[in-house]
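# Tertiary structure, described
Single-letter residue listing:
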Amino acid sequence: MGIEVSNVTVRFGGITALSEVSVSLSPGQIVAVIGANGSGKSTLFNSITGLVSVASGSIRIDDDEVIRIPPHRRIAGGLARTFQTPRFDPRITVEKAVLCGFYPVARSGFVRSLLHTPGSAREERTIRRECDGILALFKLDKLRSVPMGELPMGQVRLVEVARSVANKPKYLLLDEPAAGLTRVEQELLSAEIRNLVARGVGVLLVEHNFNLVQQLSEHVVVLDRGSILFTGAPAELAGNRAFVDAYLGTSGH
Amino acid sequence: MNSYSLFTWRHPALSLLMIVSVGTAASYGHPFLLDNSIMIGIFSLMALSVGISYGQAGILSLATATFAAIGAFATAILTVNYRLSPYLGLLAAILLPTVCAYLLARCILRLSPLPLSIATFVLGGLVEVLIKQGGDFTGGYIGLSGIPRLSIAPSAQAMHFLTWAVVLLVVVLCVSLMNSSTGRAINTARHDPLRAVADGVDVPHLLSNTFAFSGAIAGVAGWLYAHHITYIGPDSLTTQVSITVLLMAVVGGVKVILGPIFGAAILMVVVLYLPAAESQGMFFGSILVFMLLVAPNGLLGSRWRLPTLRGGLERPTSPMLLMPAKEEN
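Read on for a plain summary of the structure.

### Focus: empty space enclosed by the protein
Under the defined criterion, the tally for this structure stands at 6 cavities of 30 Å³ or more. Its volume calculated, the largest cavity comes out at about 90 Å³. Lining the largest cavity are Phe88, Asp89, Ile92, Lys96, Cys100 and Arg163 of chain A together with Arg184, Asn187, Thr188, His191, Asp192 and Arg195 of chain B. Within the residue set of the lining of the largest cavity, elements represented by two or more residues are helix H3 (94–100) of chain A together with helix H7 (181–191) of chain B. Per-class residue counts for the lining of the largest cavity are 3 nonpolar, 3 polar and 6 charged. Contributing elements (two or more residues each) for the lining of the second largest cavity: helix H3 (64–81) and helix H5 (113–132) of chain B. Broken down by element, the lining of the second largest cavity gets its largest block of residues, 4 residues, from H5 of chain B. Grouping the amino acids of the lining of the second largest cavity by side-chain chemistry returns 6 nonpolar, 6 polar and 1 charged.

### A few points about unusual backbone geometry
Backbone geometry at Asn7 of chain A places phi at a positive 50°, although glycine is not the residue there. Tracing the chain through its elements places Asn7 of chain A in strand S1 (residues 3–12). Taking the relative accessible area as the measure of exposure, Asn7 of chain A reaches 40% and is therefore partly exposed. You will see that Thr230 of chain B, though not glycine, has its phi angle at about 65°, which is positive. A relative accessible area of 22% places Thr230 of chain B in the partly exposed class.

### Focus: the pattern of salt bridges
Applying the stated rule across the entire model yields 15 salt bridges over all chains. Here Arg195 of chain B and Asp199 of chain B are joined by a salt bridge, their closest N and O atoms 3.0 Å apart. The class for Arg195 of chain B is buried, based on a relative accessible area of 2%. A single salt-bridge network, built from bridges that share partners, covers Glu160 and Arg163 of chain A together with Arg195 and Asp199 of chain B.

### Some remarks on the packing of aromatic side chains
Considering all chains together, one arrives at 3 aromatic pairs over all chains under this definition. With centroids separated by 5.7 Å and ring planes inclined at 75°, the aromatic side chains of Phe67 of chain B and Phe211 of chain B adopt a geometry described as edge-to-face. Of the two residues, Phe67 of chain B sits in helix H3 while Phe211 of chain B sits in helix H9 (residues 203–229), which places them 144 residues apart along the sequence. In this pair, the class of Phe67 of chain B matches that of Phe211 of chain B, namely buried. Cation over ring: Arg81 of chain A sits above Phe83 of chain A, and NZ or CZ is 4.3 Å from the ring centre. One cation-aromatic arrangement involves Arg87 of chain A over Phe83 of chain A; the distance from NZ or CZ to the ring centre is 5.4 Å.

What counts and how
Residue indices begin from 1 for each chain and proceed along its sequence in written order. Each chain is given a letter, starting from A, and each ligand a number, starting from 1, according to the order in which they appear as written. Local features in this predicted model are restricted to residues of pLDDT 70 or higher, and side-chain atom pairs are both shown and tallied only at a pLDDT of 80 or more, whereas totals for entire chains, interfaces and linings draw on every residue. Calculation of side-chain values draws on the structure's entire complement of heavy atoms; hydrogens and water are dropped beforehand. Put plainly, a pocket is an open set of points on a 1 Å grid over the protein atoms alone with protein on both sides within 12 Å along at least five of seven lines, a cavity is a set where a 1.4 Å probe fits but cannot get out, and a lining residue has an atom within 4 Å of a point. Grid points are joined across faces, edges and corners, and a volume is the space filled by probe spheres set on the points. Numbered from the N terminus, helices here are DSSP runs of H or I no shorter than four residues, and strands are runs of E no shorter than two. Classes in brief: Ala, Val, Leu, Ile, Met, Phe, Trp, Tyr, Cys and Pro nonpolar; Asp, Glu, Lys and Arg charged; the others, Gly included, polar. Remark: exposure states derive from per-residue accessible area (1.4 Å probe, protein chains only) relative to the maximum for the residue type, with buried under 20%, exposed over 50%, and partly exposed in between. Each reported salt bridge corresponds to a side-chain nitrogen of Lys or Arg within 4 Å of a carboxyl oxygen of Asp or Glu. The pairing test for Phe, Tyr and Trp rings, Trp by its six-membered ring, is centres within 6.5 Å, and the orientation test on the planes gives stacked under 30 degrees, edge-to-face over 60, and tilted for anything in between. A ring has a charge above it when a Lys NZ or an Arg CZ is no more than 6 Å from the ring centre and no more than 35 degrees off the ring normal.

Right under this line is the structure:
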């Protein structure tokens, strides 16, 4: 069980973005991935979700090799992600953005949606009810009819997380979800991540906020220029002088 | 889900029904007005086809009239050459454009949207050549005449009802589609295909289905056209018509379900009162430029500051806030 990334190498032309990286994530676990810009964190996410092709290595999700499986089927199989730079249509409302996340759980296809069959109408009502639940959970219900483009970045990120949990993923890949969040929003987010983890969701978290990483995760992977520099508990990491000097700098002490 | 800035009733089909009722009352028993109303209905269907493919899915197609021509020739060949029922013709007029559109999109959507537009343009030329070289089968340069009128709509009055019933039906279908998970995914794919992939959408498949649906709408328009005019030739539904229909949809507002119908009605009325057919292109060109300058989202897609029957239609707009909030560390 879990996501098993083993010896994955990703190349873009002559540049090796990831080299021989292995990461594993079990259900109900939070693994944090940290590293400087360009260290390959987002590429790791993209290779797990299938947005970039892998040169060598294997990626197994729940013991199934997924290298040849297209991204949309991986998502439908219980994977969800957010983007470092949130991707959203600024004109759609918060509610619609979250509703978009329900696509993998919607069973009525094109024709049944077109004909508005009783089944698809019922499904639409269920989805809207569940969406209300998620909006309430993330305290976004007051903003439901606000266009995404009018939200501050922190709340955009919360909406992105809400959108990604809509399909009830087994594994959630969060790319810097807390950047730009206020302290209150950060606490809300980490409480929600803990809730998800308690329900057995595995969370892979890219985060620059070291405090949040320490609070949340039991396991940290440090990437540096495409290779793994360190894996272990965050407590060990804070004591790891080489890492602190290289990554956190003097202000991290 | 979609914001209708005008005609904001619960269901766009209801507002359309009201307008059609008024139109029916006004045109009742006037052959000239009825004929125009039928043509507006047929062009509305083609414009709705553009609305779904371009407005909702972002696929700019220059083959709308080509799909209509495929539908029209399918029913014409079946009814004129083989003396088969026009309702069998309807089936062919829906299926053939659907299949053509699906295959075309499926082959080319892997590339960016522009190649698909060019491919639709090429398809238009190809179909025109095939029709002209088809000999007796397609009527060649002369075309096929003597297409029977429909038994359910023998008079112009009945044809008016049939055409607008079909338009209403298509509007209902479009609204259902766009208010579902599938519809939201289509909109996401238009705006950002990668985002749609991250939502779990098989983008090429979904967009091909959408394009096939828009092809089917155009096919039905072609079927109505053939049985209304009772003649179809190589110069009836050309790429020129596709461009006109695209313009209609853009003028009315492609992203609003009723927009294309509105645009079709306006441009058809304008054409009616134009001094000469040769000046059409000039008028259309200037209308397009004017629209892009004044209301790039189309007449129904823009938020007009007009006094409306219902208060509070105008939503307050605030400036875009895309700057990240200050990070707390």
